[in-house]
Amino acid sequence: DRDFTRGEAGAILQAFKVKHAAISKYFFKPEVGFKLMSLEAEVAFNVVDVFINNDKCILPIHDGFVVKVEDQQLLDKTMMQAYSSVFNGISPVIA
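What counts, and at which threshold
Residues numbered from 1 in each chain as written. Predicted model: local features only at pLDDT ≥ 70, side-chain atom pairs only at ≥ 80, totals over all residues. Heavy atoms only, no water. Helix = DSSP H or I, 4+ residues; strand = E, 2+ residues; numbered from the N terminus. Rg over C-alpha atoms; globule rule 2.2 N^0.38 Å. Buried < 20%, exposed > 50% of the residue type's maximum accessible area, 1.4 Å probe, protein only. Phe/Tyr/Trp six-rings, centres within 6.5 Å; stacked < 30°, edge-to-face > 60°. Core = buried A, V, L, I, M, F, W, Y, C linked by side-chain atoms within 4.5 Å. Patch = residues over 30% accessible without salt bridge, like charges linked within 9 Å, V, L, I, M, F, W, Y side chains within 5 Å. Areas by Shrake-Rupley, 256 points an atom, 1.4 Å probe, with all protein chains shown as cover. Salt bridge = Lys/Arg side-chain N within 4 Å of Asp/Glu carboxyl O.

1. Brief notes about the overall build of the protein chain
Within the protein chain one finds three helices and two strands. Listing the helices and strands of the protein chain from first to last along the sequence gives α-α-β-β-α. For a compact globule of 95 residues, the expected C-alpha radius of gyration is about 12 Å, and the protein chain comes in at 18 Å, more than 25% above that figure. The principal-axis extent of the C-alpha atoms belonging to the protein chain is close to 55 × 35 × 25 Å. Residues counted as buried form 15% of the 95 residues belonging to the protein chain.

Okay, structure coming up:
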């Protein structure tokens, strides 16, 4: 652990903006952050709904879920479908 000087922090931020230039115009815009949080919540609600409607246990934790081992494939499939549904047919890229 170490503290960064203002200059170091500024250099890191600038490098981040350059690396992600295609989306950097959206950085530090509260309305964009709020919209993304809302979309993420919609995906999560959709996943939880599928599990509830199938009488399956699911525990949402921050940006993930805990399910029984035997429900892992259902979770993976449901998360992909929920994401695609919320983001108009775009499939998530998982790396």
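From this point, the narrative continues.
2. A short note on the packing of aromatic side chains
Evaluated as defined, the whole model comprises three aromatic pairs. An angle of 85° between the planes, with centres 6.3 Å apart, marks the rings of F27 and F28 as edge-to-face. Take F28: its relative accessible area is 64%, and that puts it in the exposed class.

3. Here we look at the nonpolar core
Listed in full, the eleven residues of the largest apolar core are L39, V43, V47, V48, F51, I58, F65, V67, L75, A82 and V86. Secondary-structure elements contributing two or more residues to this core are helix 2 (30-53) and helix 3 (72-86). In terms of residue count, the dominant contributor to this core is helix 2 (five residues).

4. Examining a nonpolar patch on the surface
On the surface, a nonpolar cluster with roughly 320 Å² of combined accessible area is contributed by L13, F16 and F28. Checked against the element boundaries, F28 lands in the loop between helix 1 (6-19) and helix 2.

Spatial relationships are all this shows, so hold off on functional conclusions.
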